[in-house]
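The residues making up each chain are set out below.
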Amino acid sequence: QVQLVESGGGLVQAGGSLRLSCAASGRIFSINAMGWYRQAPGKQRELVAVVPRGGSTNYADSVKGRFTISRDNAKNTVYLQMDSLKPEDTAVYYCQGVVKSHALGSFYEYWGQGTQVSVSS
């Protein structure tokens, strides 16, 4: 099995910064894309940012220029640096990893449990 554990959420004032981390562990042969999604109350889960193993990053328009995604392949960890936070960034943030557990296996999506980010005005 594969587990993804997020950390780094919290309460911050508008204009502030937070850094989220997500570490994958368990039976891991290879990780393809890793990303961050968020879900605000009453809204659907949406993509925030994604970083493929060897490709370019992709961001939601609403966070471009403010958020930065990065990953450490040696640690199976993905980060989300969030700057210039706005109240509308308030949501539960979920980490996602696309993981292969065996050399001849397939890639599957795994999700973390989520971490709350709250931005006050």
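Quick summary incoming for the structure in this document. (Residues numbered from 1 in each chain as written. Predicted model: local features only at pLDDT ≥ 70, side-chain atom pairs only at ≥ 80, totals over all residues. Heavy atoms only, no water.)

Attention now goes to the overall build of the protein. A tally of regular secondary structure across the protein gives zero helices and 11 strands. Beginning at the N terminus, the succession of helices and strands in the protein can be written as β-β-β-β-β-β-β-β-β-β-β. The globule rule puts the C-alpha radius of gyration for 121 residues at 14 Å, and the 14 Å found for the protein is close to it. Within the protein, the fraction of its 121 residues that count as buried is 44%. In the protein, 56% of the contacts between residues at least 6 apart in sequence involve partners at least 24 apart. For the protein, the exposed area adds up to about 6,400 Å²; of that, 47% sits on carbon and sulfur atoms. Charged side chains of the protein number 12 positive and 8 negative; the gap between the two group centres comes to 7 Å. (Helix = DSSP H or I, 4+ residues; strand = E, 2+ residues; numbered from the N terminus. Rg over C-alpha atoms; globule rule 2.2 N^0.38 Å. Buried < 20%, exposed > 50% of the residue type's maximum accessible area, 1.4 Å probe, protein only. Contact = heavy atoms within 4.5 Å. Areas by Shrake-Rupley, 256 points an atom, 1.4 Å probe, with all protein chains shown as cover. Lys, Arg positive; Asp, Glu negative; His and termini not counted. Charge placed at Lys NZ, Arg CZ, Asp CG, Glu CD.)

On to the state of the cysteines. Considering all chains together, one arrives at one disulfide under this definition. At a sulfur-sulfur separation of 2.1 Å, the disulfide partner of Cys22 is Cys95. Handedness here is read from the sign of the S-S torsion; for Cys22 and Cys95, about -80°, the answer is left-handed. Of the two residues, Cys22 is situated in strand E3 (residues 18-26) and Cys95 in strand E9 (residues 91-100); the sequence distance between them amounts to 73 residues. The burial state of Cys22 is the same as that of Cys95; both residues are buried. (Disulfide = S-S within 2.5 Å.)

Burial along strand E1 (residues 2-7) is one-sided: Val2, Leu4 and Glu6 are buried, while Gln3, Val5 and Ser7, pointing the other way, are not. Pairing of E1 with E3 involves six bridges; the strand directions are antiparallel. The partner of Val5 across the bridge, within E3, is Ala23. (Pairing = 2+ DSSP bridges.)

This part is about unusual backbone geometry. A positive phi is found at Asn76, a non-glycine position, where the angle reads about 50°. Position of Asn76 among the secondary structure elements: in the loop between strand E7 (67-72) and strand E8 (77-82). The phi angle at Ser84 is positive, at roughly 50°, despite the residue not being glycine. Within the fold, Ser84 resides in the loop between E8 and E9. With relative accessibility at 41%, the residue Ser84 sits in the partly exposed group.

Moving on to the environment of Ser7. Within the secondary structure layout, Ser7 lies in strand E1. With relative accessibility at 38%, the residue Ser7 sits in the partly exposed group. C-alpha separation for the pair Ser7 and Ser21, spaced 14 residues apart in sequence, amounts to 5.3 Å. If we ignore the near neighbours within four places in the chain, the residues touching Ser7 are Arg19, Leu20 and Ser21.

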